[in-house]
Amino acid sequence: MKLPYLLLAGTMVSGAMLSGCAVADDVAENPVTEQGVVKITWQDPKSFRDVKAVSDIQSRYEARTFETLTKGLDKEARKILKPEQKLELIVTDLDLAGDVRPTFGATMHDIRLIKDIYPPRITFSYSVLEGDKVVMVGNEKLTDMSFMHNIGRANDKPLKYENKLLADWMKKTVEPKI
């Protein structure tokens, strides 16, 4: 008597899993985020070192992460770039601060453990454009090994370590050359 209910539940789970796979296939292969003076192409995010969701659907987490980083970089770029200039990046690797660890049944979701040994890293090529003219171009491979000691006052904003890494790069690399 319990067997039909068990089969029905298994069918529902399988259907849910299949529909989730269909949604994942709809995600752009190389998503582009644009905010103000910043445009970022995220080249092959499936190969990124660590952009793992811990309590969300992976595609939604990636989209939110990419949008948040684009907005943070735009905030810094507006302070540095001239009004007619634009910053374009092609990100080839991203490793968020921390490491995703399983909870082994303590909760439904994994957790992101933030420790000194898991610094944020980002690899990208960039160009600063003024109209159609290229003002500046380069490649970067950024890592902040002391990220936990450089954040300053209490900050509970999402992706605070990665945003600081990009803001520091703007101030140290782009600003002096503009």
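Residues numbered from 1 in each chain as written. Predicted model: local features only at pLDDT ≥ 70, side-chain atom pairs only at ≥ 80, totals over all residues. Heavy atoms only, no water.

(A) Layout of the sheet that holds strand β1 (residues 32-35). The mixed open sheet is built from five strands, whose spatial order is β1-β2-β3-β6-β7. At either end of the open sheet lies a strand with only one pairing partner, and these are β1 and β7 (133-143). In this sheet, neighbouring strand axes are inclined to one another by 15° on average, regardless of whether the strands run parallel or antiparallel. Two elements, strand β6 (residues 121-130) and β7, share ten bridges in a ladder whose sense is antiparallel. Of the residues in β7, the one forming a bridge with F124 is E140. Each of β1, β2 (38-42) and β3 (85-95) is contacted by helix α2 (residues 58-80), which is oriented at about 150° to β2, the strand it contacts most. (Pairing = 2+ DSSP bridges. Helix = DSSP H or I, 4+ residues; strand = E, 2+ residues; numbered from the N terminus. Axes fitted to C-alpha atoms, helices over the stretch in contact; angles between N-to-C directions. Contact = heavy atoms within 4.5 Å.)

(B) Representation of unusual backbone geometry in the model. Of note, the phi angle at D44 is positive, near 55°, even though the residue is not glycine. Even without being a glycine, L159 presents a positive backbone phi close to 55°. On the secondary structure map, L159 appears in the loop between β7 and α3 (160-174). A relative accessible area of 14% means that L159 is categorised as buried. (Buried < 20%, exposed > 50% of the residue type's maximum accessible area, 1.4 Å probe, protein only.)

(C) Structural detail: the packing of α2 against α3. Here α2 crosses α3 at 25°, and the two axes come no closer than 9 Å. If you check the angle between α2 and α3, you find them roughly parallel. Between α2 and α3 lies a crossing of right-handed hand. Of the residues in α3, those in contact with T68, L69, G72, L73, E76, A77 and I80 of α2 are E162, N163, L166, A167, M170, K171 and V174. Counted by class, the contact of α2 with α3 contains eight nonpolar, three polar and three charged residues. (Parallel < 35°, antiparallel > 145°, perpendicular 65-115°, else oblique. Left-handed = near helix turned anticlockwise from the far one by under 90°. Nonpolar A, V, L, I, M, F, W, Y, C, P; charged D, E, K, R; others polar.)

(D) Spatial organisation of the side chain of E140. Mapped onto the secondary structure, E140 falls in strand β7. Buried E140, no salt bridge; nearest opposite-charge side chain is K177, N-O distance 6.5 Å. Engagement of the side chain of E140 in a polar contact is seen with the side chain of W169, the distance being 3.3 Å. Once residues within four sequence positions are removed from consideration, E140 is found in contact with I122, T123, F124, Y126, W169 and T173. (Lys, Arg positive; Asp, Glu negative; His and termini not counted. Salt bridge = Lys/Arg side-chain N within 4 Å of Asp/Glu carboxyl O. Polar contact = N/O pair within 3.5 Å; in protein donor to acceptor, adjacent residues only side chain to side chain.)

(E) Representation of the confidence of the model for the protein chain. Scored by pLDDT, the protein chain comes out at a mean of 84, with 80% of its residues at no less than 70. Mean pLDDT values for the elements of the protein chain range from 39 in helix α1 (residues 3-25) up to 98 in β2. For residues 1-26, every residue scores under 50 in pLDDT, and the model assigns this stretch zero contacts once sequence neighbours within four places are set aside. (pLDDT = per-residue confidence, 0-100.)

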